[in-house]
Amino acid sequence: MKFIFSCVDKKNHAHVRAENRPAHLEYLGQFIDYIVVAGPTLGTDHESMTGSLLILEFDDVKAAQDFADNDPYNKAGLFEQVTITPWKQALPK
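The model shown is predicted, which means the values in this text are computed figures rather than measured ones.

Student: Hey, could you run me through the packing of aromatic side chains in this one?
Tutor: One pair of aromatic rings is described through two measures. These are the centre distance and the angle between the planes. Under the defined criterion, the tally for this structure stands at 10 aromatic pairs. Measuring from ring centre to ring centre gives 6.3 Å for Phe 5 and Phe 58, while their planes differ by 80°; the resulting arrangement is edge-to-face. Taken together, the residues span a long stretch of sequence, with Phe 5 in strand E1 (residues 2-9) and Phe 58 in the loop between strand E3 (49-57) and helix H2 (61-70) at a distance of 53 residues. The exposure class of Phe 58 is buried, given its relative accessible area of 6%.

Student: Hey, could you run me through the sheet that holds E3 in this one?
Tutor: The antiparallel open sheet is built from 4 strands, whose spatial order is E2-E3-E1-E4. Each of the sheet's edge strands pairs with one partner strand only, and the pair in question is strand E2 (35-42) and strand E4 (79-87). The sheet shows a mean angle of 15° between the axes of neighbouring strands, direction not considered. The pairing of E2 with E3 spans 7 bridges and is antiparallel. Paired with Ile 35 across the strands is Leu 56, a residue of E3.

Student: Explain the pattern of salt bridges to me, please; I cannot follow it from the model alone.
Tutor: Opposite charge on two side chains permits pairing when their charged atoms draw close. Considering all chains together, one arrives at 2 salt bridges under this definition. Where Arg 17 meets Asp 9, a salt bridge forms, and the shortest distance between an N and an O atom there is 2.8 Å. Of the two residues examined, Arg 17 and Asp 9, each falls in the buried class. For the salt bridge of Asp 66 with Lys 62, the shortest nitrogen-to-oxygen distance reads 2.9 Å. Of the two residues, Asp 66 and Lys 62 are both situated in helix H2; the distance of 4 residues between them amounts to about one turn of the helix. The exposure class of Asp 66 is partly exposed, given its relative accessible area of 33%.

Student: So what exactly am I meant to see when it comes to the nonpolar core here?
Tutor: Of all hydrophobic cores here, the largest spans 11 residues; its members are Phe 3, Phe 5, Tyr 27, Leu 28, Phe 31, Leu 54, Leu 56, Phe 58, Ala 64, Phe 67 and Ala 68. Ranked by residue count, the leading element in this core is H2, at 3 residues. Apart from the residues within four sequence positions on either side, Leu 54 is in contact with Phe 3, Ile 4, Phe 5, Leu 28, Val 37, Ala 38 and Phe 67. If you look at the next biggest cluster of nonpolar residues, it comprises 5 residues, including Val 16, Tyr 73, Leu 78 and Phe 79.

Student: Can you walk me through helix H1 (residues 14-29) in this structure?
Tutor: Each α-helix winds once per 3.6 residues, and so residues spaced three or four apart point in a common direction. Taking 1.5 Å of rise per residue, the 16 residues of H1 would be expected to cover 22 Å, and the 22 Å separating its terminal C-alpha atoms lies within 8% of that figure. A bend of about 55° at Arg 21 is the largest found in H1, and the proline Pro 22 appears one to four places after it. Taken as a whole, H1 has its buried residues at Val 16, Arg 17, Asn 20, His 24, Tyr 27 and Leu 28.

Cut-offs and rules
Residues numbered from 1 in each chain as written. Predicted model: local features only at pLDDT ≥ 70, side-chain atom pairs only at ≥ 80, totals over all residues. Heavy atoms only, no water. Phe/Tyr/Trp six-rings, centres within 6.5 Å; stacked < 30°, edge-to-face > 60°. Helix = DSSP H or I, 4+ residues; strand = E, 2+ residues; numbered from the N terminus. Buried < 20%, exposed > 50% of the residue type's maximum accessible area, 1.4 Å probe, protein only. Pairing = 2+ DSSP bridges. Axes fitted to C-alpha atoms, helices over the stretch in contact; angles between N-to-C directions. Salt bridge = Lys/Arg side-chain N within 4 Å of Asp/Glu carboxyl O. Core = buried A, V, L, I, M, F, W, Y, C linked by side-chain atoms within 4.5 Å. Contact = heavy atoms within 4.5 Å. Expected span 1.5 Å × (residues − 1). Bend = angle between axes of the 7 residues up to and from the residue.

So this is what it looks like as structure tokens:
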């Protein structure tokens, strides 16, 4: 099943994102076969990163939660909120 991970950064935590980005990208590399899409959300300036949006495929919600819990960004306290939502892809087929 596919899951949407919608993560919102805490305000004034750009330094936490920058400091932990290499570890976060390395972590994602371990899940490359599960990733449908992944990337940062942007502010109105179209440059500053404000959160993350990922869609990954896991067997169950526990595996999805474990993935989110162990993300270096999450462990570093970057996120104000993390929402995990099951998702069914309709298009493209």
